Structures are given as structure tokens and as C-alpha cells.
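# Tertiary structure, described
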Amino acid sequence: MTELEKMRAGMLANMDDPEIQQSFIHAKHMVARLRTMCTYDTDFRAVLEELVPGIPATSIICPPFHCDHGHGIKLGQHVFINANCTFLDGAEITIGDHTLIGPDVKIYTPHHPLDYVARRENREYAYPVAIGCDCWIGGGTIICPGVTIGDRCVIGAGSVVTKNIPSDTIVAGNPARPIRTSKP
């Protein structure tokens, strides 16, 4: 198993691995290019598609945008990601159809060893984050590694999501706590 495969599988992976480093470097070059562009520039879409392969034509990521790899981000149809978001996609980040991501949202998949000696090595785990369809993630939200957010959820601005959120739930706070269900 390669170090990149270990990283995607949630196993302790060596971040110094050449394949992982090349992936980081490629993403940083694409992110830097996007930073100099407007979403209406003719080349913007081509650069975005190189950064996030398979991004649907109906979905958009507004710059500035930051990510570790890009190819770990899987978006559904009609996803809107507002400006200044950071997606650390060591593990996959999956976002369902018609989901809106506010500005300054941070989605983290990396997790470092808890033992301080082990943290000195350039190794880390990564746990996937999944966000369902028809969600609204308020600006400034932080979503921690391994979290799954169900369909039709609303996450209040500035929340820190540390645990799974069931479908049809409105949450807010630090840590995010249920406020009520969002069923009509």
C-alpha cells in the first residue's frame, strides 16, 4: 500500500513521501493560480477542474480557496463554496447536491498522533468528512476530522462540528449542539 493510499484509508501515513509531496505541490500551484483569477475569467474553470477533478459544471468554488490536494474533494451537483474556505483533504471530503458552504468554512481531515514523541515525525492520519445533500454550512464553521453531516442540515455560523449530525438537524455553537430539527 502506498503512503497516499494509507492516508486515504485513515492509516498513519508518511507526509514526506514523494507522491504525497508532489500532490501537495501540484495543489499549491493550482491554488496560487486561482488566487489571481476571477470566477468569470476564461481560464478559471479549467484551473478549477485541474485542482478538483470531476467537479460538476453546476458547482463552483469561489477564490480564494485553499486545499492540500484537491483530488480528495468530491462535490455533488449545484454545490456552492463561498470565498476563503480551507479544505484539508488528506482523506476524502464529500459534499452532496445543492449544498451551500459559507465563507471562511474550514473542513479538516488530518489528525496527528496524540503522543508528543510520535507527533515529532512527519506522519499523520486522515479521516473522511461527508456532508449530505441540501445542507447549509454557515460562515466560519469548522468541521473536524471524521464527521458526517446528514442531509438537509443547517450548521450555524461559527460552529465547531466535532460529532456526526443526523439528517434534518439545525446545530450551532462550540461544540455544535442540536437546536431543533429542520423538518417542515
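Description of the structure in this document. (Residues numbered from 1 in each chain as written. Predicted model: local features only at pLDDT ≥ 70, side-chain atom pairs only at ≥ 80, totals over all residues. Heavy atoms only, no water.)

### So, the pairing of strand β18 (residues 169-172)
Pairing geometry for strand β16 (residues 154-155) and β18, over two bridges, is parallel. Looking at β18, one finds that Ile 155 is bridged to Val 171. Relative to strand β19 (residues 177-181), β18 is paired through four bridges, and the arrangement is antiparallel. Bridging from a neighbouring strand, Thr 169 pairs with Thr 181 of β19. Here β18 hands over to β19 after four residues, with Gly 173 in that stretch at a positive phi of 110°. (Pairing = 2+ DSSP bridges. Helix = DSSP H or I, 4+ residues; strand = E, 2+ residues; numbered from the N terminus.)

### Regarding unusual backbone geometry
A cis geometry characterises the amide bond from Pro 63 onward to Pro 64, with omega recorded as -5°. Mapped onto the secondary structure, Pro 64 falls in the loop between β2 (60-61) and β3 (65-67). Following Asn 174, the chain continues to Pro 175 via a peptide bond in cis, the omega torsion being -5°. Structurally, Pro 175 can be placed in the loop between β18 and β19. Of note in this structure, His 98 is not a glycine but carries a positive phi near 60°. Mapping His 98 onto the fold places it in the loop between β7 (93-95) and β8 (100-101). Judged by its relative accessible area of 42%, His 98 falls in the partly exposed class. Even without a glycine there, the phi angle at Arg 152 is positive, about 60°. Summarising the element assignment, Arg 152 is placed in the loop between β15 (148-149) and β16. (Buried < 20%, exposed > 50% of the residue type's maximum accessible area, 1.4 Å probe, protein only.)

Keep in mind these numbers describe shape, not what the thing actually does.
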